[in-house]
Amino acid sequence: MREQLDQLLRDAREKIPMAPDMAALDVLELECLGRKQGTLTAVLRGLGALSEAERKVAGQHGNAVKQDIEQLLAAKRAELTRARIATLAQDEWVDMTAPGTTLPRGAVHPVSRAISEIAAIFERIGFIRSRHPEVDSDYYAFEALNMPVGHPARDEWETFFVAHATGGGGKKKEGGRIVLTPHTSNGQVREMEKGLLPIRMVNIGKCYRRQIDATHTPMFHQFEGLLVDQDVSVTHLKGTIDYFVRAYFGEERRTRLRPYHFRFTEPSFEIDISCAVCGGTGFLSSSFRGVRNEGSRPSQDQATKCKTCKSGWLELGGAGMVHPNVLVSGGIDPKRHRGFAFGWGVERVLMMKYGISDIRLLYGNDVRWLRAC
Ligand code: DAH
């Protein structure tokens, strides 16, 4: 038995130091010292066949061998643990003081920002933002706005028509051709049809026209104001325009109404606002250049023409008193109610406010430009 025990110890001395990892070491421990299947247990089973004196000696030797093996296992376990910690420090090293990776941060697009700003300005005087279709029937885009089929005024809007079978079961409103709305004015009659008076709405949405240059893109945005109530006059329209222009562009800006013609308003106007660069004078004198010289108009010989406006005024957009025919289209009695409306470009006011010279920059997706904007 002594020989068997010594052999067992020799085997263990050979194998244990060679164990490549903890799992292999566990297997070896089970092989040597396992209570049921272990080799030591198997050898010690032979104790019963020995005399009492021999059993005592062999038992003590067996214990010594067991302790030696346990020491071998513990030493190897400690070695493997040290090695693992060493590689862990190398493989999974993290510099806790290094700056984190920053994710790129997005921002609201300048046009979306302008839309929120415009909506908030009108909200303060009771105009509720409403949404009307951006793809609509010819009826709401033109006909209900006093522009019957074939009327030449329609040509002013470079309209996209949708290749679409006429819908609506032949009904006039949904029938006819489908257009990508060339203006937000289609919201006027749709708002009136809700049957809720008085109306104070601002419809902000996308519009589409077949145009592209420094001041036009095929897709752009307009905001359409509509007020319908009793005893409404041009004075209310002018007051609303003044309020918006001061709130959006600045307190010092002035407005003027210039007679114009639209089919859906009577009288109609183009709205101009005073130029910020020359203070509304149209001239920049050398001593005045860059300074707001509101009111005082330098004589021509000491001044050069303002390149931004050439006249002191910049064109904002159209407005007017709602035409009686449009009120009738919306089911409103023109003898009892009147209204005013205006429709201006979101990109246009944004460009005027910040001096952006080309509308295409807004849609060029150049993040460097957008970041600076
Ligand atoms: N819809 C017109 C356009 O796109 C602008 C306009 C003019 C809107 C007069 C109005 C208005 O509401 O009263 O050119």
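Data block above holds the structure.
This structure is a prediction, so every number in the text was calculated from the model and none was measured. (Residues numbered from 1 in each chain as written. Predicted model: local features only at pLDDT ≥ 70, side-chain atom pairs only at ≥ 80, totals over all residues. Heavy atoms only, no water.)

### Points about the overall build of the chain
Quick note on the threshold: Per the convention used, a helix needs a DSSP run of H or I reaching at least four residues, while a strand needs a run of E reaching at least two, with both numbered from the N terminus. Here the globule rule is a power law, 2.2 Å times the number of residues to the power 0.38, and the radius of gyration is based on C-alpha atoms. Three labels apply to residues, based on accessible area from a 1.4 Å probe with only protein chains included: buried if under 20% of the type maximum, exposed if over 50%, partly exposed otherwise in between.
Each helix and strand in the chain was counted, giving 11 helices and 12 strands. A compact globule built from 373 residues would reach a C-alpha radius of gyration of about 21 Å, whereas the chain, at 44 Å, exceeds it by more than 25%. A principal-axis box enclosing the C-alpha atoms of the chain has dimensions of 130 × 70 × 35 Å. The proportion of buried residues among the 373 residues of the chain is 40%.

### Let's talk about the sheet that holds strand β3 (residues 160–162)
To be explicit about the condition: When DSSP locates at least two bridges between a pair of strands, those strands are taken to pair. Every angle, taken between N-to-C directions, lies between 0 and 180 degrees, and every axis is a line fitted to C-alpha atoms, over only the stretch in contact when it is a helix.
Reading across the sheet, the 3 strands line up as β2-β4-β3 and stay open at both edges, with antiparallel pairing between neighbours. Two strands close off the open sheet at either side, each with one partner strand: β2 (135–137) and β3. Going from strand to strand, the sheet's axes swing by 40 degrees on average, the running direction of each strand aside. Sheet topology places β3 next to strand β4 (residues 178–180); 3 bridges connect them, and they run antiparallel.

### Overview of the site of the ligand
Operational definition: Residues are classed as near a molecule or strand on a simple rule: at least one heavy atom within 4 Å of it. We call two N or O atoms a polar contact when they sit within 3.5 Å, provided that within protein one can donate a hydrogen and the other can accept it, with sequence-adjacent residues counted only if both atoms are side-chain atoms. Three classes are used, and their members are as follows: Ala, Val, Leu, Ile, Met, Phe, Trp, Tyr, Cys and Pro are nonpolar, Asp, Glu, Lys and Arg are charged, and the others, Gly among them, are polar.
Neighbouring residues of the ligand: 16 residues in total, closest H183, S185, R209, Q222 and E224. In this structure, H183 approaches the ligand through a side-chain N or O atom, which is 2.9 Å from a nitrogen atom. Within the backbone of F342, an N or O atom sits 3.3 Å from an oxygen atom of the ligand. Among the secondary structure elements, those contributing two or more residues to the shell around the ligand are β6 (219–229), β11 (313–322) and β12 (338–345). Of the residues that constitute the shell around the ligand, the class distribution is 6 nonpolar, 8 polar and 2 charged.

### Considerations on the side chain of H221
To keep it simple, the criterion reads: What makes two residues a contact is simply this: any of their non-hydrogen atoms within 4.5 Å.
Within the secondary structure, H221 sits in strand β6. Among the polar contacts made by the side chain of H221, one reaches the side chain of Y363 at a distance of 3.4 Å. Once you skip the residues sitting within four places of it in the chain, H221 turns out to touch V111, I115, G205, K206, W344, G345, V346, E347 and Y363.

### Looking at helix α4 (residues 52–91)
Applied cut-off: Every helix has an expected span of 1.5 Å times one less than the residues it contains.
Compared with an ideal rise of 1.5 Å per residue, which puts 40 residues at 58 Å, α4 spans 57 Å between its outermost C-alpha atoms and is within 8% of the ideal. Turning to α4, its buried residues number three or more, namely A58, H61, G62, V65, I69, L73, K76 and L80.

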